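Below, each chain spelled out in residue letters.
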Amino acid sequence: MTVEERAKDISAEFEFLDDWETRYAHIIDMGKANPALAPDERTEETRVRGCASQVWMVIDEEEEDRLRIRAESDALIVSGLIAILIRLYSDAPAGDIAAFDALAFFDEIGVSEALSAQRSNGLASMLERIKSVAGSEAGAG
């Protein structure tokens, strides 16, 4: 499934959520289902800077220029944002990841408008990390 197809699935899911409170609760539920990283993976090297809460992200380069993304946060809403990013990008080709405009997607599903400035900055920092790895992997492939 392409990143675009995944985005359509997530967007359809969010269409049924009437207001921000319902979306917020759904995002938190998604975050609660996100598997934790191993304790030795929560390091300064994997920590995402620019986030108000603690976020650690591990990106493994798989076969066929695909990236496997795993991440964890100590904040429930951020864990939910991570879960959305993982659904969008994990195991997708690096070129698809590099080409997809996730910030526009978060606007489209009505998430961006309700995030605080700090959470928006954190989301941008997580995306920057993913795009950086995807860009270097797509260039290498």
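This report concerns the structure included in the present document. Worth saying up front: this structure is predicted, and the values here are computed from it rather than measured.

**Some remarks on unusual backbone geometry**
- The phi torsion at E64 lies on the positive side, around 60°, for a residue other than glycine.
- Judged by its relative accessible area of 64%, E64 is exposed.

**Quick notes on the pairing of strand β1 (residues 55-61)**
- When you tally the buried positions in β1, you get 5 out of 7 residues, the bulk of the element.
- With 7 bridges connecting them, β1 and strand β2 (residues 66-73) associate as antiparallel partners. The residue bridging V58 from the neighbouring strand is R70, located in β2.
- The turn linking β1 back onto β2 is made up of 4 residues, and E64 within it adopts a positive phi angle of 60°.

**Observations regarding the nonpolar core**
- In terms of nonpolar packing, the biggest core is built from 43 residues, with F14, I84, L88, Y89, F105, F106 and M126 touching the most fellow members.
- Contributing elements (two or more residues each) for this core: α1 (3-15), α2 (20-32), β1, β2, α3 (76-89), α4 (94-99), α5 (102-108) and α6 (117-140).
- Leaving out residues up to four positions away in the same chain, L88 has contacts with V3, R6, A7, I10, F100 and F105.

**Overview of the pattern of salt bridges**
- Throughout the structure, instances matching the rule amount to 8 salt bridges.
- A salt bridge links D60 to R68, with the shortest nitrogen-to-oxygen separation between them at 3.9 Å.
- Here D60 falls in the partly exposed class, since its relative accessible area comes to 26%.
- Here R70 and D60 are joined by a salt bridge, their closest N and O atoms 3.6 Å apart. In this pair, R70 sits in strand β2 while D60 sits in strand β1, placing the two residues 10 residues apart along the sequence.
- Three or more residues joined by partner-sharing salt bridges are found here, namely E41, D60, R68 and R70.

**A few points about empty space enclosed by the protein**
- The full count for this structure, using the stated rule, is 1 cavity of 30 Å³ or more.
- Of the pockets and cavities examined, the largest cavity occupies roughly 50 Å³.
- Taken together, C51, A52, S53, V55, V78, L81, Q118, R119, G122, L123 and M126 form the lining of the largest cavity.
- Looking at the lining of the largest cavity, the elements that each hand over two or more residues are α3 and α6.
- The element that contributes the greatest number of residues to the lining of the largest cavity is α6, accounting for 5 residues.
- When the residues that make up the lining of the largest cavity are grouped by side-chain class, the tally is 7 nonpolar, 3 polar and 1 charged.

**Some details on the environment of A7**
- Mapping A7 onto the fold places it in helix α1.
- The class for A7 is buried, based on a relative accessible area of 5%.
- A sequence separation of 99 residues divides A7 from F106, and the C-alpha atoms of the two residues are 9.7 Å apart.
- Ignoring anything within four residues of it in the chain, the contact list for A7 reads L88, F100 and F105.

Reading the values: rules and limits
- Residues numbered from 1 in each chain as written.
- Predicted model: local features only at pLDDT ≥ 70, side-chain atom pairs only at ≥ 80, totals over all residues.
- Heavy atoms only, no water.
- Buried < 20%, exposed > 50% of the residue type's maximum accessible area, 1.4 Å probe, protein only.
- Helix = DSSP H or I, 4+ residues; strand = E, 2+ residues; numbered from the N terminus.
- Pairing = 2+ DSSP bridges.
- Core = buried A, V, L, I, M, F, W, Y, C linked by side-chain atoms within 4.5 Å.
- Contact = heavy atoms within 4.5 Å.
- Salt bridge = Lys/Arg side-chain N within 4 Å of Asp/Glu carboxyl O.
- 1 Å grid on protein atoms, 1.4 Å probe; cavity = no way out; pocket = protein on both sides within 12 Å on 5 of 7 lines; lining within 4 Å.
- Points joined across faces, edges and corners; volume = space filled by probe spheres on them.
- Nonpolar A, V, L, I, M, F, W, Y, C, P; charged D, E, K, R; others polar.

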